[in-house]
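Structural overview for review
One letter stands for each residue in the lines below.
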Amino acid sequence: MSVLHGVLGLGLLVLVPCKSVIVRRGLRRQRGHALGIALAVVVALSLAAGIAHSILGPFEVAGVTVLDAHVAFAVAAVPLVLLHVRGRRQRPRAADLTRRTALRAIALLGAAAIGYGVLESATSVARLPGARRRATGSYEAGSGEPIAMPITQWFTDEVPSVDPSAYQLAVTRTGEPARRLTYDELLSMSDTTRAAVLDCTGGWWAVQSWRGIRMDTLLGAVDHGSIWVRSVTGYTRGFPWQDAATMMLATHAAGVPLSPGHGGPVRLVAPGRRGFWWVKWVEQVSVEPRPWWSEPPFPLQ
Ligand SMILES: Nc1nc2c(c(=O)[nH]1)N[C@H]1C(S)=C(S)[C@@H](COP(=O)(O)O)O[C@H]1N2
Ligand SMILES: [Mo]
């Protein structure tokens, strides 16, 4: 996926010579060009930031990581693209579906793929930071050392203060009374240790040895419905029931109780899923008929 994303991004660069002919023609016709220029600038900045992140590493400019800048410029481009396309709508013609167009598209992708390969090899030969990134594009930070691992919130969520001695986890299954477990009870059940990689879409990853309770131990047999995991902050994610076999509720990382920033007293560990699924400060786990895909694909808080 991330290779495809990179190749398509470079494809935009390969298009620049073709597009510049059209742009020169358009500029000769004196009309409002502000929109087109704004779009070109935003796309160029997004591409530059994306390439910088993948070659030079996760650095910051004026307090903003280049990856965040890459995403922000890309998001800003979306409405501009829509307006730009609306302003010059062209009817697709049957003649567009020729063999020549198809061959051109293949040539374009081929050139972009070669460009991607060249950039990757150069990055690795020159031992630039980009060579150290994971397949997702993330850079390692704080593996085996939770204190050194970044503390990240998805969007607007904030670290709550949860008093472990007053804390309770609610475990519910439709049609059954809720079970409530205190922190001490959870600690006495916390007997499974496994290594798993937390990989944040913000561009960093860390592997930790997590200790906790297997989800299938906590819930008992689950063979239908979805597993909903909710934080004391309201942040909620839903999972297919099959994930009970791999997920766990962690109380410790690297043998140390989870810090408040990292989700203490209890957080979800969802191996193989990106960081935003790893709900922190879990207060409720429920098995419900409501399907996990009925929620927005990304959290909204
Ligand atoms: N309740 C809650 N859980 C959350 C988040 C959040 O904003 N709220 N952010 C998620 C994201 S985007 C990531 S990458 C991980 C980060 O975990 P860490 O702060 O322990 O490194 O927590 C996830 N769990
Ligand atoms: Mo994240």
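As the structure is a prediction and not an experimental result, all values here were calculated from the model.

1. A word on the overall build of the chain
In terms of regular secondary structure, the chain is built from seven helices and 13 strands. Principal-axis analysis of the C-alpha atoms gives the chain an extent of 75 × 45 × 35 Å. Buried positions account for 35% of the 301 residues belonging to the chain. For the chain, contacts bridging at least 24 residues in sequence account for 67% of all contacts bridging at least 6. Between the averaged position of the 31 positive side-chain charges in the chain and that of its 20 negative side-chain charges there is a distance of 21 Å.

2. Focus on the pairing of strand β4 (residues 168-173)
The pairing of β4 with strand β5 (residues 179-182) spans four bridges and is classified as antiparallel. In the strand pairing of β5, leucine 169 is matched with leucine 181. Sheet analysis places β4 next to strand β13 (residues 282-288), joined by four bridges and oriented parallel. Bridge assignment links valine 171 to a residue of β13, and that residue is valine 285.

3. A look at the site of ligand 1
The environment of ligand 1 is formed by 22 residues, the closest being Pro150, Asp157, His262, Arg267 and Lys280. Within the backbone of threonine 152, one N or O atom sits 2.8 Å away from an oxygen atom of ligand 1. Side-chain polar atom of arginine 267 to an oxygen atom of ligand 1: 2.7 Å apart, as the coordinates give it. Protein coverage of the free-state accessible area of ligand 1, which is 530 Å², stands at 100%.

4. So, the side chain of histidine 84
Considering the arrangement of structural elements, one finds histidine 84 in helix α4 (residues 66-87). A relative accessible area of 17% means that histidine 84 is categorised as buried. Excluding residues within four positions of it along the chain, histidine 84 makes contact with Lys19, Leu35, Gly36 and Leu39.

5. Overview of α4
In an α-helix, one full turn covers 3.6 residues, which means residues spaced three or four apart are oriented alike. The terminal C-alpha atoms of α4, which comprises 22 residues, lie 31 Å apart, in line with the 32 Å expected from a rise of 1.5 Å per residue. At valine 78, α4 shows its largest kink, close to 25°, and the proline proline 79 lies no more than four residues downstream. Of all the positions in α4, only Val66, Leu67, Ala69, His70, Ala77, Leu80 and His84 are classed as buried. Lining the buried residues of α4 we find α1 (2-14), α2 (16-28), α3 (34-56), β1 (60-61) and β2 (64-65).

6. Structural notes on a nonpolar patch on the surface
A cluster of nonpolar residues, Met1, Leu4, Leu8 and Leu109, forms a patch on the protein surface that exposes about 470 Å² of accessible area. One can find leucine 8 in helix α1. With a relative accessible area of 47%, leucine 8 lands in the partly exposed category.

7. With respect to the sheet that holds β4
Taken together, the five strands give an open sheet; going across it, the order is β5-β4-β13-β8-β9, and neighbouring strands pair in mixed fashion. At either end of the open sheet lies a strand with only one pairing partner, and these are β5 and β9 (236-240). Along the sheet, successive strands turn relative to each other by an average axial angle of 15°, direction set aside. Examined bridge by bridge, strand β8 (residues 226-231) and β9 share five bridges and lie antiparallel to one another. Its bridge partner being in β9, arginine 230 is matched across the sheet by threonine 236.

Criteria and thresholds
Residues numbered from 1 in each chain as written. Chains lettered and ligands numbered in written order. Predicted model: local features only at pLDDT ≥ 70, side-chain atom pairs only at ≥ 80, totals over all residues. Heavy atoms only, no water. Helix = DSSP H or I, 4+ residues; strand = E, 2+ residues; numbered from the N terminus. Buried < 20%, exposed > 50% of the residue type's maximum accessible area, 1.4 Å probe, protein only. Contact = heavy atoms within 4.5 Å. Lys, Arg positive; Asp, Glu negative; His and termini not counted. Charge placed at Lys NZ, Arg CZ, Asp CG, Glu CD. Pairing = 2+ DSSP bridges. Near = heavy atom within 4 Å. Polar contact = N/O pair within 3.5 Å; in protein donor to acceptor, adjacent residues only side chain to side chain. Areas by Shrake-Rupley, 256 points an atom, 1.4 Å probe, with all protein chains shown as cover. Expected span 1.5 Å × (residues − 1). Bend = angle between axes of the 7 residues up to and from the residue. Patch = residues over 30% accessible without salt bridge, like charges linked within 9 Å, V, L, I, M, F, W, Y side chains within 5 Å. Salt bridge = Lys/Arg side-chain N within 4 Å of Asp/Glu carboxyl O. Axes fitted to C-alpha atoms, helices over the stretch in contact; angles between N-to-C directions.

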